[in-house]
Amino acid sequence: MAFVFDGAAGQRVRAAAAAAIEKYHAPGIAVGVVVGDDLVFAEGFGLADIESGEAMTADRRQRVASVTKTMVGLCSMALVDEGRLRLDDRIVDHLPEIVFDGPAETMTVRHLLTHTAGMGEAPTQAALANTVNPNPEAKAMPGGFATLYPDGILIEATPGTKWAYANHGYALLGEILIRSEKASSLQEILERRIFGPLGMRDSDVLDEQDARLTSCYHHRTNDDTRALLERAGMKPPDETPIDGHNIRGRFTQEFNKGMCAAGAAQSTIADMARYASALLKRGAGIVRPETFEAMVAPQWCPDERMVSWGLSFARTPRSGRRTFGHGGAYFGGWNTNLCVIPEENIAIIQFMNIMLDTPGPIFSRIIRAVLDAKATEYAEPVRDPSLLDSAPGMYECTPGRLMNFRLSTKYGRVQIYADEGALFVRSRRGPWKSGARLLQADASDPLMTVVEQDDGERPQVLLARDASGRVDGLRCDDLVQMVRAQE
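This report concerns the structure included in the present document. The numbering scheme is per chain: residues are counted from 1 as the chain's sequence reads. Local features in this predicted model are restricted to residues whose pLDDT is 70 or higher, and side-chain atom pairs enter the listing and the counts only when it is 80 or higher, whereas totals over whole chains, interfaces and linings include all residues. Only hydrogens and water are removed before side-chain values are computed, so all heavy atoms of the structure are retained for them.

### A look at the packing of aromatic side chains
Item 1. Only Phe, Tyr and Trp rings take part, Trp by its six-membered ring, and two of them pair if their centres are within 6.5 Å. Stacked means planes under 30 degrees apart, edge-to-face means over 60, and tilted covers everything else. The full count for this structure, using the stated rule, is 11 aromatic pairs.
Item 2. Ring plane angle 70 degrees and centroid distance 5.9 Å describe the contact between Phe292 and Phe313, whose orientation is recorded as edge-to-face. With Phe292 in helix α12 (residues 289–295) and Phe313 in the loop between β10 (308–309) and β11 (314–318), this pair connects stretches of sequence that are 21 residues apart. Side by side, Phe292 and Phe313 carry an identical accessibility label, which is buried.
Item 3. On the numbers, 4.3 Å between centres and 20 degrees between planes, the contact of Tyr411 with Trp432 is stacked. Linking Tyr411 in the loop between α15 (405–410) and β17 (414–419) with Trp432 in the loop between β18 (422–427) and β19 (436–440), this pair joins segments that are 21 residues apart in sequence. Just as Tyr411 is buried, Trp432 falls in that class too. Helix numbers and strand numbers start at the N terminus; a helix is a DSSP run of H or I with at least 4 residues, a strand a run of E with at least 2. Only protein chains enter the area calculation, which uses a 1.4 Å probe; residues under 20% of their type maximum are buried, those over 50% are exposed, and those in between are partly exposed.

### Re the sheet that holds β11
Item 1. When DSSP finds two or more bridges between two strands, those strands count as paired. The antiparallel open sheet is built from eight strands, whose spatial order is β3-β2-β1-β14-β13-β12-β11-β10. At either margin of the open sheet sits one strand with a lone partner, and together these are β3 (54–55) and β10.
Item 2. For strand β1 (residues 28–35) and strand β14 (residues 346–352), the ladder comprises seven bridges, and the chain directions are antiparallel. Bridged to Val33 within β14 is Ile348.
Item 3. Set on the sheet, helix α1 (residues 7–24) makes contact with β1 and β2 (38–49); between it and β2 the angle comes to about 25 degrees. We call two residues contacting when some pair of their heavy atoms lies within 4.5 Å. Only the stretch in contact is used when fitting a helix axis, every axis being a line fitted to C-alpha atoms; angles between N-to-C directions are given from 0 to 180 degrees.

### Observations concerning the packing of helix α7 (residues 167–181) against helix α8 (residues 186–198)
Item 1. Across the interface, α7 lies against α8 with an axial gap of 9 Å and an inter-helix angle of 75 degrees. Compared by their axis directions, α7 and α8 come out roughly perpendicular. When α7 is examined against α8, the residues Leu177, Ile178 and Glu181 are found in contact with a partner set consisting of Leu186, Ile189, Arg192 and Arg193.
Item 2. All amino acids are sorted into three groups, where Ala, Val, Leu, Ile, Met, Phe, Trp, Tyr, Cys and Pro are nonpolar, Asp, Glu, Lys and Arg are charged, and the leftover types, Gly among them, are polar. Split into classes, the residues belonging to the contact of α7 with α8 amount to four nonpolar, no polar and three charged. Here the word oblique covers every angle except those under 35 degrees (roughly parallel), over 145 (roughly antiparallel) and from 65 to 115 (roughly perpendicular).

Take a look at the structure:
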């Protein structure tokens, strides 16, 4: 039966958005629901600007941040279709002036698209401090691509052997596109290949202030982030919320123009609906249908039950369905989520004019409201005797300080321990600091677990055994592999 978005579905979305705003103190949320070619729901909730009391509406602009990467991925694969680029092209051949420190000779276009190029959150160890600098004006680097990597790029792992989300990989990809197309800018390419053909008249990658852009907000710096800033020699910001919860951000052109491919796009719900419709139609003239199928097929996939990665698209299991899409977060801040559900022929677009540390619970709540799906309940703790005996211990990421930055700042080292006949997980930082139960997620596989959290989310953790049956590693929904720490 074809999916129908009716009046009851609209009421569920409205109720979910209102509950999320109240619980998480988000200023405003805008939601768009696409069925096939039609934008069947587009509404705003809460406030676009707290100080003036201006209501959030669905026609406001949003910095969609890393959703940009999917557009860059489509343009890259269009060049592959045309025979002007190959997935196995070496990056050192396309960008010979970049100095790579490490095993970069085998790094390819495919590795950039899949975040498996061996690079991390910053190009060098010295540049890592800029990543956590709370003052975005202090970390902005002027100029374009030619000024972006004066000290080269550190490659910490052999390409293809480890997954780590890398904005700089897409900066390289954007420059390769510009050179391959002999274009003046990334904007020229996206306008010709995506924005123009799809009628996305309110979208660009110019990263400029716009009168229709929502005001941006964030919450107070949490204790974990304050500790990390102090450890990096930076003073945590002293900011006062304007309503008891939200702190006014500001628009800054944080991106060097060479970084636009990593996340500079702005758009509206209506324009993103046109984009989502094209994705539902398997690329809709941007790339060949078979090319698009490869883009949403598993390219880095430790386990099909967990989050995996295609060619620029994240693949996420939700409510018994396989979805694809991308999220976006912009310091200052904004959060965006694009979720495409091909088996239902629907897509869900969500804008928030706040950057939250964990926006996932809000996005999940609204997606479930659209689908009329309940959150999966897990009640049985992990009590397998062999796991109670062999799983306890400390676990850490495989080497790579830059590649591990996101996980180390979110969780740090992780401990698995047994208590009262059940398994628990404890992290150095984040929601598991005080310990959380591991619940059984798959009755047929004792190694598949979920973490019990107060926010209703259930992150998956897959325990890995060595040949002797001893647990020697973890795989998490963050697409990060952890190994048992040396004792």
